[in-house]
Amino acid sequence: MIAVLLSWLYALLINGLLIALFQRLPLLTKAGWVHAGILGTLLWGSLGPRGWLAVVAYLALGSMVTKLGFRSKQARGLAEARGGRRGPENVWGSAATGAVLALATQLLPPQATPVLLVGFAASFAAKLADTFGSEIGKRWGRHTLLITTLRAVPPGTEGAISLEGTAASLVGSALMASLMGLLGLLPSAMGWILVTLVGLVATLIESVIGATVQHRVGWLTNELVNGLQTTIAALIAMACFLLLGLPSQVVA
């Protein structure tokens, strides 16, 4: 028990130090940095440095792609608010599912860890896929169509897709899955393929939700839709992992 408490105290201290050092970077709002510190503590305490690094990589890549063509998107009213800085709602909309699954690895029997990690990886692969597809599609998408009707719509419309954005989503999902594999959070190459494909599928499902439901339900914010997307990705990935009987050995 003392060892566990010390490990969580260490996680809190290291995240507090890192947030103090990097909070001047234009990635998050002040409140966003505080919540990122809480998230980082949860992930480091549950999965160690590799869980923390996975989400830092997601944040860095997501922020990087948001800045691509930012002036052009801003001029057309398509840029993210606050200069692309993420707030607490963005932090938890993207990472709440992953944080719950990370904590579950400490509460459930060790046999459950591989499937939980697949869900963890899929949730962030889906979110990075969404960010890549949205940001690149808004800037470079030539023909933007509503996913449910394939009718031409302006870039930035909820539920809109483009060939360029969809290709970018696949790249973002594959990139996040690769990082998860390199960090030892994915079991086998088949796990990488599963997470990559699920990330793309969940992003397309999110577009369907945006096109059919989001504008009709006042409380269904973008952040809640993001949380729903990551949850769908995690559930699909874990179900497929179990149904397909994929290898469950995770690199230590």
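Residues numbered from 1 in each chain as written. Predicted model: local features only at pLDDT ≥ 70, side-chain atom pairs only at ≥ 80, totals over all residues. Heavy atoms only, no water.

A.B. asks: Looking at this structure, I do not really get the packing of helix α2 (residues 30-47) against helix α3 (residues 49-67). What am I missing?
C.D. replies: Each packed pair of helices is defined by two parameters, the angle between the axes and the distance between the axes. Taken N-terminus to C-terminus, the directions of α2 and α3 make an angle of 140°; their axes are 6 Å apart at the nearest point. As the angle between them shows, α2 and α3 are arranged oblique. Residues Leu-39, Gly-40, Leu-43, Trp-44 and Leu-47 of α2 pack against Pro-49, Arg-50, Gly-51, Trp-52 and Val-55 of α3. A class-by-class count of the residues in the contact of α2 with α3 yields 7 nonpolar, 2 polar and 1 charged. (Axes fitted to C-alpha atoms, helices over the stretch in contact; angles between N-to-C directions. Helix = DSSP H or I, 4+ residues; strand = E, 2+ residues; numbered from the N terminus. Parallel < 35°, antiparallel > 145°, perpendicular 65-115°, else oblique. Contact = heavy atoms within 4.5 Å. Nonpolar A, V, L, I, M, F, W, Y, C, P; charged D, E, K, R; others polar.)

A.B. asks: I would appreciate a short explanation of the side chain of Thr-66 in the present structure.
C.D. replies: Residue placement: Thr-66 occurs in helix α3. Among the polar contacts made by the side chain of Thr-66, one reaches the main-chain carbonyl oxygen of Gly-62 at a distance of 2.7 Å. (Polar contact = N/O pair within 3.5 Å; in protein donor to acceptor, adjacent residues only side chain to side chain.)

A.B. asks: How should the environment of Ile-136 be read in this particular structure?
C.D. replies: With respect to the element layout, Ile-136 can be found in helix α6 (residues 113-140). For Ile-136, a relative accessible area of 18% corresponds to the buried category. In the structure, Ile-136 is positioned 35 residues away from Leu-101 in sequence and 29 Å away in space, judged by C-alpha atoms. Once residues within four sequence positions are removed from consideration, Ile-136 is found in contact with Val-65, Gly-141, Glu-164 and Ala-168. (Buried < 20%, exposed > 50% of the residue type's maximum accessible area, 1.4 Å probe, protein only.)

A.B. asks: Where do I start with a nonpolar patch on the surface in this structure?
C.D. replies: Nonpolar side chains collect at one region of the surface, where Ile-2, Leu-6, Leu-9, Leu-12 and Leu-13 lie side by side and expose about 520 Å² of accessible area between them. Turning to its location among the elements, Leu-9 is positioned in helix α1 (residues 2-22). Taking the relative accessible area as the measure of exposure, Leu-9 reaches 43% and is therefore partly exposed. (Patch = residues over 30% accessible without salt bridge, like charges linked within 9 Å, V, L, I, M, F, W, Y side chains within 5 Å. Areas by Shrake-Rupley, 256 points an atom, 1.4 Å probe, with all protein chains shown as cover. Salt bridge = Lys/Arg side-chain N within 4 Å of Asp/Glu carboxyl O.)

A.B. asks: Please clarify how the packing of α2 against helix α5 (residues 88-107) should be interpreted in this entry.
C.D. replies: Following both chains from N to C, one finds α2 and α5 inclined at 15°, their axes separated by 9 Å at the closest point. Considered as vectors, α2 and α5 are oriented roughly parallel to each other. Two packed elements cross with a definite hand, and for α2 against α5 that hand is left-handed. The segment α2 lies against α5, with Ala-31, Gly-32, His-35, Ala-36, Ile-38, Leu-39, Leu-42, Leu-43, Ser-46 and Leu-47 engaging Pro-88, Val-91, Trp-92, Ala-95, Gly-98, Ala-99, Ala-102, Leu-103, Thr-105 and Gln-106. In the contact of α2 with α5, the residues fall into 14 nonpolar, 6 polar and no charged. (Left-handed = near helix turned anticlockwise from the far one by under 90°.)

A.B. asks: I tried to follow helix α9 (residues 222-244) on my own but got confused; where do I start?
C.D. replies: The first and last C-alpha atoms of α9 sit 32 Å apart over 23 residues, in line with the 33 Å expected at 1.5 Å per residue. All of the buried residues in α9 are Val-225, Asn-226, Gly-227, Gln-229, Thr-230, Ala-233, Ala-234, Ala-237, Met-238 and Phe-241. Looking at the buried side of α9, the elements it contacts are α5, α6 and α8 (188-212). Following α9 by one or two positions, Gly-245 adopts a phi angle in the positive range, close to 60°. (Expected span 1.5 Å × (residues − 1).)

So, to be careful, I would describe these as geometric facts and stop short of saying anything about function.
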